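The primary structure of each chain is shown beneath.
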Amino acid sequence: MNNFILFIVTLFCWSPTWYVIKFQLGYVDPLVSVFYRFLIAAIIIFVYLIYKKKNLKFSLNQHLWFLLFGICLYSLNYVFFYLSNTYLISAFPAVVFSTVVIMNILGEGFYFKKETFFKNFNWCNYWNDWNYNHL
């Protein structure tokens, strides 16, 4: 599967969530909503991994890293995202949340002192090349 197809699938799966969240909030606490969301995702992933017979044995050290990454990269930002939806219309947090990719690129350049990290912003040339090759 090429990157463009993966991008389109992600776009169609993730795009309506900002609108659907507004129907979920108010009935269930936002923290419980985040828990439900990740519980369902974990069940789906584990079923897939078991179906594909992937190795699920990891050391205690690896589990601690999984815990740290899960809290920092997924849990906290979704908790803040859901909490912000209780105070703002859901489109505003969705737009801010979608900048996470750009913020990661900028953070990488700042933290690792990379001068070439702006090459990741070369989207216009990629889009023009794709149009030229596919039209």
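Refer to the preceding data block for the structure.
What comes next concerns the included structure. (Residues numbered from 1 in each chain as written. Predicted model: local features only at pLDDT ≥ 70, side-chain atom pairs only at ≥ 80, totals over all residues. Heavy atoms only, no water.)

## Observations regarding the packing of helix 3 (residues 30-51) against helix 4 (residues 60-85)
Point 1. Running from amino to carboxyl end, helix 3 crosses helix 4 at an angle of 135 degrees, the nearest separation of the two axes being 9 Å. Comparing the axis directions of helix 3 and helix 4 gives the class oblique. The handedness of the crossing between helix 3 and helix 4 is right-handed. On helix 4, the residues that touch Pro30, Leu31, Ser33, Val34, Arg37 and Phe38 of helix 3 are Tyr74, Tyr78, Val79, Tyr82 and Leu83.
Point 2. For the contact of helix 3 with helix 4, the class distribution of residues is nine nonpolar, one polar and one charged. (Axes fitted to C-alpha atoms, helices over the stretch in contact; angles between N-to-C directions. Helix = DSSP H or I, 4+ residues; strand = E, 2+ residues; numbered from the N terminus. Parallel < 35°, antiparallel > 145°, perpendicular 65-115°, else oblique. Left-handed = near helix turned anticlockwise from the far one by under 90°. Contact = heavy atoms within 4.5 Å. Nonpolar A, V, L, I, M, F, W, Y, C, P; charged D, E, K, R; others polar.)

## Concerning the nonpolar core
Nonpolar side chains tend to gather and get buried jointly when the protein is soluble and globular.
Point 1. Ranked by size, the top nonpolar core spans eight residues in total: Ile21, Val34, Tyr78, Val79, Phe81, Tyr82, Ala94 and Phe97.
Point 2. Secondary-structure elements contributing two or more residues to this core are helix 4 and helix 5 (91-97).
Point 3. Among the elements that take part in this core, helix 4 stands out by supplying four residues, more than any other.
Point 4. Once residues lying within four places of it in the same chain are set aside, the contact partners of Val79 are Leu31 and Val34. (Core = buried A, V, L, I, M, F, W, Y, C linked by side-chain atoms within 4.5 Å. Buried < 20%, exposed > 50% of the residue type's maximum accessible area, 1.4 Å probe, protein only.)

## Re the packing of aromatic side chains
Point 1. Counted under the stated rule, the structure contains four aromatic pairs.
Point 2. Ring centres of Phe35 and Tyr36 lie 6.2 Å apart, and the angle between their planes is 50 degrees; on these two criteria the pair is classed as tilted.
Point 3. Judged by relative accessible area, which is 41%, Tyr36 ranks as partly exposed.
Point 4. Taking 5.2 Å as the distance between ring centres and 85 degrees as the angle between the ring planes, the aromatic pair formed by Phe38 and Tyr78 counts as edge-to-face. One end of the pair, Phe38, is in helix 3; the other, Tyr78, is in helix 4, with 40 residues separating them in the sequence.
Point 5. Note on Phe38: relative accessible area 28%, which makes it partly exposed.
Point 6. With relative accessibility at 12%, the residue Tyr78 sits in the buried group. (Phe/Tyr/Trp six-rings, centres within 6.5 Å; stacked < 30°, edge-to-face > 60°.)

Taken by themselves, the reported measurements are silent on function.
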